[in-house]
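Structural overview
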Amino acid sequence: ETGTVQWRPALHYTPERNWMNDPNGLVFNNGLYHLFYQYNPKGNVWGNMSWGHATSPDLIHWNEHDVAMSANETEEIFSGSIVVDEHNTSRLGSANSSPLIALYTSAYKAGSGHPAGTQAQSLAYSQDEAQTWHPYDHNPVLTLSPESKNFRDPKISWYPKGGYWLLTTVVADAQVVKIYRSNNLLNWEFLSDFSLPGIPHQGALWEMSDLFPLPLDGDKNDQKWVMIVNVNPWSIAGGSGALYFVGGFDGKVFVPEHLPPAGSDPSQYLWLDHGADFYAAGTFAHEPHGKAVIMGWMSNWDYAEHVPTAPWKGAMALPRVLALKTIDGIPQLVFSPVDQYTSLVQGQPAARIETLTVSSSIKELDPSTQGTVQNIAVTIHPGAAQRAGLIIRGSAKGDVGTRIFYDTSNHTLTLDRSQSGETNFSSAFSKQHIVNLPLENGELRLTIIVDRNSVEVFANNGRAVITDLIFPTLDDNRISVFAEHGDATFNDLAITNLSDLTN
Ligand code: FRU
């Protein structure tokens, strides 16, 4: 049966069945990465929001566990985060182990003692390495006054310089991030608000914030702070997407630098991803090498509920490492797949083509390059061609395929999924995603991660990423290269099949 099983990803996490959205409680503890997530235990659409749970030793192979926290008569469990309370500041640990502390959003129902539909931040703790969770006796730990229907998504981190815990939350419809501090994770003191003057995008919700430091250009003494704000709608690719700001943080107030003038359109802002399917992104707590490893939900609120997969709906994008680099005088994030993924690829045989020149034509590659789960690395010299690129997940007839190409007159990289397979499940399933990207020494270097229902394109050392869902059939497994109106050269093409490694 083809059904929708053909779209079950091999490299990307999906729950066995039912609906999933945001990653929650991303934390590394005792050799395992934990991924919790917004989950409906009862169906394949959004609802009954609970925290699903999976763990992985390497961020690639995941084991699904029992639901960690379930919606009940009084509340649903919306997004939040987890930290390891190493010094037992909360006093919720047992005699022999540090507790894990989760802060999540209580979305209250009628009869809860809170007005129906209001939201507040609650705490749960685990004394057995995240296997079982107990709600704190005095929940919620943080409420707005008056109570708000849009106060959510607590993200906790440790602030070493001040020796306290930091918390960012959003008032989604007021387009504000609220920052708090605490010594014990139980009592929170308000520090400051982050919002934008003259917000150009009234009506966009601000959700799932994250605030963390990174060295600029690898210099540990030159630290900047990154503020992630996921916005819905108003994303660069339409619908929901992940915006970020770079600036300073003094332990109290975040001050962004290089803000575009009020009234600017999305293209003037900085985005974690230029595709349509990267949302609710946040970082892992206690990452063992001190890196900023980020995970995002690989979907878009514009059409997430109509995506044609069953009995599950929702996948996570491949985890990525963030670094800060000065580009055109402005500190910006650059992105790479996690090291564990890169070594997985390097350990496998690859089909290699040293150099290939194409003149105003399309050339299908050798059958040895065919596959549905693969890593494609290539350096393209678009030369005099007007457009040059690849078609992946292509059909034998050539009527299906996802096109990834450079446009030499516009200096843009495009992912075109208009003929990528099934596309008509939603009129909001956008067709083309485009990012401005200069060539480097006349070259465009791409790492393309292809899975059964997605493609992630990392361009020019991670200066831009495009993540998009696609729904081709398993027979659409061909790769072609093409050049329009001129010659283009493709160098160091390496295609690594990954399907055998991952199931
Ligand atoms: C983001 C979001 C969060 C909320 C959760 C509910 O996608 O809307 O703001 O906590 O999803 O499932």
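Residues numbered from 1 in each chain as written. Predicted model: local features only at pLDDT ≥ 70, side-chain atom pairs only at ≥ 80, totals over all residues.

As annotated in an unreviewed UniProt entry, the chain carries the name Levanase and comes from Beijerinckia indica subsp. indica. Per UniProt, the chain has the following entry under Sequence similarities (unreviewed entry): "Belongs to the glycosyl hydrolase 32 family." (UniProt positions renumbered as here; feature names shortened; annotations may be inferred.)

Brief notes about the overall build of the chain
The secondary structure content of the chain amounts to two helices and 34 strands. Radius of gyration (C-alpha) of the chain: 23 Å, near the 23 Å computed for a compact globule of 503 residues. In the chain, buried positions account for 49% of the 503 residues. Sequence-distant contacts in the chain: of pairs separated by 6 or more residues, those separated by 24 or more amount to 62%. (Helix = DSSP H or I, 4+ residues; strand = E, 2+ residues; numbered from the N terminus. Rg over C-alpha atoms; globule rule 2.2 N^0.38 Å. Buried ≥ 20, exposed ≤ 12 C-beta atoms within 10 Å, placed from the backbone. Contact = placed C-beta atoms within 7 Å.)

Here's the deal with the sheet that holds strand β27 (residues 402-407)
Pairing is antiparallel in the open sheet, where six strands are placed in the order β24-β33-β26-β27-β28-β29. Two strands in the sheet have a free side with no partner beyond their single neighbour: β24 (362-364) and β29 (432-436). Each strand axis lies, on average, 15° off the axis of its neighbour in the sheet, ignoring direction. Across three bridges, β24 lies against strand β33 (residues 478-484) in antiparallel orientation. Across the sheet, the residue bridging to Glu-364 is Ser-480, located in β33. (Pairing = 2+ DSSP bridges. Axes fitted to C-alpha atoms, helices over the stretch in contact; angles between N-to-C directions.)

Notes on the nonpolar core
Of all hydrophobic cores here, the largest spans 143 residues; its most connected members are Met-227 and Val-457. With seven residues, the single largest contributor to this core is strand β6 (residues 100-108). Shared between two domains, this core holds at least three residues of each, these being domain 1 (5-303 + 313-340) and domain 2 (348-502). Not counting chain neighbours up to four residues away, the residues in contact with Met-227 comprise Val-177, Phe-194, Ser-209, Leu-211, Tyr-244, Phe-245, Gly-247, Phe-254 and Pro-256. (Core = buried A, V, L, I, M, F, W, Y, C linked by C-beta atoms within 7 Å. Domains from an automatic or database assignment.)

Considerations on the site of the ligand
As a structural note, the neighbourhood of the ligand is formed by Asn-21, Asp-22, Gln-38, Met-49, Phe-78, Ser-79, Thr-105, Arg-152, Asp-153, Glu-207, Met-208 and Ala-280. In terms of residue class, the shell around the ligand is built from four nonpolar, four polar and four charged. (Near = placed C-beta within 6 Å. Nonpolar A, V, L, I, M, F, W, Y, C, P; charged D, E, K, R; others polar.)

So, the environment of Pro-266
When you line up the elements, Pro-266 lands in the loop between β16 (254-256) and β17 (270-271). Of the residues examined, Pro-266 has 19 C-beta atoms within 10 Å and is grouped as partly exposed. Along the chain, Pro-266 and Ala-237 lie 29 residues apart, while their C-alpha atoms are 8.9 Å from each other.

Digging into the confidence of the model for the chain
Overall, the prediction assigns the chain a mean pLDDT of 96, with 98% of residues at 70 or greater. Two numbers describe this predicted complex: its pTM, 0.97, and its ipTM, 0.98. (pLDDT = per-residue confidence, 0-100.)

Some thoughts on the pairing of β27
With respect to burial, β27 is a largely interior element, five of its six residues being buried. Sheet topology places strand β26 (residues 387-394) next to β27; six bridges connect them, and they run antiparallel. In the strand pairing of β27, Arg-387 is matched with Asp-407. Where β27 lies against strand β28 (residues 412-416), five bridges are found, and the strand directions are antiparallel. Considered in β28, the bridge of Tyr-406 is made with Leu-413. Counting the residues between successive antiparallel strands, the hairpin from β27 to β28 contains four residues, one of them, His-411, with a positive phi of roughly 55°.

What about unusual backbone geometry?
Between Ser-145 and the following residue, Pro-146, the backbone shows a cis peptide bond with an omega angle of -5°. Counting through the fold element by element, Pro-146 comes out in the loop between β8 (134-135) and β9 (151-159). With omega at 5°, the peptide bond leading from Ala-310 into Pro-311 counts as cis. Note on placement: Pro-311 falls in the loop between β19 (292-297) and β20 (312-313). Despite not being glycine, Leu-59 shows a phi value in the positive range, around 70°. With respect to the secondary-structure elements, Leu-59 resides in the loop between β3 (50-56) and β4 (63-64).

Topic: the sheet that holds strand β1 (residues 18-29)
Spatially, five strands are ordered β4-β3-β2-β1-β20 in an open sheet, and the strand pairing comes out mixed. Since the sheet does not close on itself, it has two edges, and those belong to β4 and β20, each with one partner. Relative to β4, β3 runs antiparallel, the two being bridged by two bridges. Bridge pairing in β4 places Thr-55 opposite Asn-63.

Digging into the domain arrangement of the chain
Assigned domains within the chain: domain 1 (5-303 + 313-340) and domain 2 (348-502). In this assembly, 28 residues from domain 1 lie in contact with 30 residues from domain 2. For the side of domain 1 that touches domain 2, the element with the most residues is strand β22 (residues 330-337), which contributes four residues. By residue class, the composition of the side of domain 1 that touches domain 2 is 16 nonpolar, eight polar and four charged.

Examining the environment of Gly-93
Checked against the element boundaries, Gly-93 lands in the loop between β5 (75-84) and β6. Overall, Gly-93 belongs to the buried group, with 20 C-beta atoms counted inside 10 Å.

Considerations on the pairing of β19
When you tally the buried positions in β19, you get five out of six residues, the bulk of the element. Of the strand pairs in this sheet, strand β18 (residues 279-283) and β19 are connected by three bridges, and their pairing is antiparallel. Along β19, the bridge assignment pairs Tyr-279 with Trp-297. As paired strands, β19 and strand β21 (residues 320-327) are joined by three bridges and run antiparallel to one another. Counterpart to Ala-292 in the pairing with β21 is Leu-322.

Some remarks on the environment of Lys-431
Summarising the element assignment, Lys-431 is placed in the loop between β28 and β29. By the C-beta count within 10 Å, which is 13 here, Lys-431 ends up partly exposed. For the pair Lys-431 and Gly-239, spaced 192 residues apart in the sequence, the C-alpha separation amounts to 13 Å. In contact with Lys-431, other than residues within four places in its own chain, are Asp-416, Arg-417 and Ser-418.

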